[in-house]
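Architecture at a glance
Residues per chain, in single letters:
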Amino acid sequence: MATVFEETAINGMVMSNRIIRSATWEGMCEQDGRPTEKLINCYRELAQGGIGLIITGYTFVLPEGKGLPGKMGIHTDAFAADYENLTSSVHHAGGAIAIQLVHAGGQTNSTSAGRQPLAPSAVQVDQFSEMPAELTKDEISDTISAFAEGARRAKAWGFDGLQLHGAHGFLINQFLSPLTNRRTDEYGGSIENRSRFLLEVYRKVRDTVGARYPVFIKLNAADNLDGGLEIDDAVFAAKKLTELGIDAIEVSAGTPASGEIGPAREKILKPEKEAYNLPLAQRIKEEVNCPVMVVGGFRSYEVAERTIKDDGMDYIAMARPLIREPGLANRWLQGDRSPATCISCNSCFMPGLEEGGIYCVIEKKEREKAAKG
Ligand SMILES: Cc1cc2nc3c(=O)[nH]c(=O)nc-3n(C[C@H](O)[C@H](O)[C@H](O)COP(=O)(O)O)c2cc1C
Ligand code: SF4
């Protein structure tokens, strides 16, 4: 029977346990996407904290695919030395690290993207104030090549694997979703057509990195929006990806427009609120033959253990608890199994936007209060 703290491997990548750091934008890069020493320290701390695998914050493959400030970029060979330093720091600390590759699609603005945002169709999405331009066929082809170039660099620079970001309303998700994909050519319409972009990205990435390199996807199993991507279409995409040899699928759901049922839900304060994407992940797991990871609201060891032992998941992934406690995996391993101290308030986004990097605002306030006595 699978247990949380056992070593596993996916396509040659060894992980010391089944707890994964889900991709988390840190906002710690230079504005051109170059990693900084601060970001490298953040990953080193996570590796020292015993996490089985670190998945980096989303990393843009083209400048026009940039979203939030301080985001990592892998669109140029000029960052080779910085990334090699980053991956070797993690390896030196005993960790494994995969990079998440993204194009923000219509979920950005012209300040970040340096031009009018690009999307499958000219459909403006809630929470983003600009109307995107519809990608031409040539631009689609260039974008697919940019994912492959990002993959080539990631492998060459020492990442142990990569993850395509196919969730949370970004470009790959926008192609899958009937709400944002209104195209009438071979990239729109039926789910066969809406998944064409994703499958072309996957094929080109796989051709570039070869069969013996871990390639994952973080996939929205549902957008949690009226008219958005639904589970049956997500299952179609997941099955196609496994037929083509994807190594693992991390299941998430929701977009920034999904309100209370978005990707990072608030007030996860009792076990019943945890693991909120598990039913969707179980549905995907029934239909595919690769390992499945589930993210969303894991806070207590008991729920993590049950999810792996009894609920059929191969890995559980966490984001916010590890912002507050990068050493959570080791804490649980060493016997302190009290729940994560994160209260799921989402206040950590703000310092990423305004102070050059995310941190747990609640912890800082508590420390300041304690110092005052
Ligand atoms: C500050 C912050 C940054 C995030 N950045 C990313 C990202 O870059 N890529 C991604 O796929 N998800 C991102 N997410 C979503 C998380 O990976 C995760 O899916 C979500 O927070 C739910 O997991 P949790 O309850 O463990 O936090 C981010 C979440 C937060 C709070
Ligand atoms: S600010 Fe702290 S407590 Fe709130 S969600 Fe972020 S890590 Fe958790």
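Look above for the structure.
Residues numbered from 1 in each chain as written. Chains lettered and ligands numbered in written order. Predicted model: local features only at pLDDT ≥ 70, side-chain atom pairs only at ≥ 80, totals over all residues. Heavy atoms only, no water.

Relative to each other, helix α1 (residues 37-48) and helix α2 (residues 80-92) sit at 20 degrees, their axes nearing to 8 Å. Looking at the two axes, α1 sits roughly parallel to α2. α2 is crossed by α1, and the crossing has right-handed handedness. Side by side, α1 and α2 meet where E37, L39, I40, Y43, R44 and A47 of the first sit next to D82, N85, L86, S89 and V90 of the second. Class assignment of the residues belonging to the contact of α1 with α2 gives a composition of 6 nonpolar, 2 polar and 3 charged. (Axes fitted to C-alpha atoms, helices over the stretch in contact; angles between N-to-C directions. Helix = DSSP H or I, 4+ residues; strand = E, 2+ residues; numbered from the N terminus. Parallel < 35°, antiparallel > 145°, perpendicular 65-115°, else oblique. Left-handed = near helix turned anticlockwise from the far one by under 90°. Contact = heavy atoms within 4.5 Å. Nonpolar A, V, L, I, M, F, W, Y, C, P; charged D, E, K, R; others polar.)

On to the site of ligand 2, then. Surveying the vicinity of ligand 2 reveals 13 residues, the closest of which are C342, C345, N346, C348 and C360. Where the shell around ligand 2 is concerned, the elements lending two or more residues are α11 (320-324) and α14 (361-372). Residues of the shell around ligand 2, tallied by class, amount to 8 nonpolar, 3 polar and 2 charged. (Near = heavy atom within 4 Å.)

Turning our attention to the pattern of salt bridges. Scanning all chains against the criterion turns up 24 salt bridges. Notably, a salt bridge pairs R18 with E6, separated by 2.8 Å at the nearest N-O pair. Highlighted residues: R18 in the loop between β2 (13-15) and β3 (19-21) and E6 in the segment before β1 (8-10), separated in sequence by 12 residues. Judged by its relative accessible area of 24%, E6 falls in the partly exposed class. For K285, the salt bridge identified is with D314, shortest N-O distance 2.7 Å. Of this pair, K285 sits in helix α9 (residues 278-287) while D314 sits in the loop between α10 (301-309) and β13 (315-318), and the two are 29 residues apart along the sequence. A cluster of three or more residues bridged by salt bridges with shared partners is formed by D77, E149, R152 and R153. (Salt bridge = Lys/Arg side-chain N within 4 Å of Asp/Glu carboxyl O. Buried < 20%, exposed > 50% of the residue type's maximum accessible area, 1.4 Å probe, protein only.)

In this structure the tally under the stated criterion is 8 aromatic pairs. Three or more aromatic residues joined by ring pairs form one cluster here, namely F5, Y301 and W332. Against the face of F170 rests K71, its NZ or CZ located 6.0 Å from the ring centre. The ring of Y301 carries R337 above its face, with NZ or CZ at 4.0 Å from the centroid. (Phe/Tyr/Trp six-rings, centres within 6.5 Å; stacked < 30°, edge-to-face > 60°. Lys NZ or Arg CZ within 6 Å of the ring centre and 35° of its normal.)

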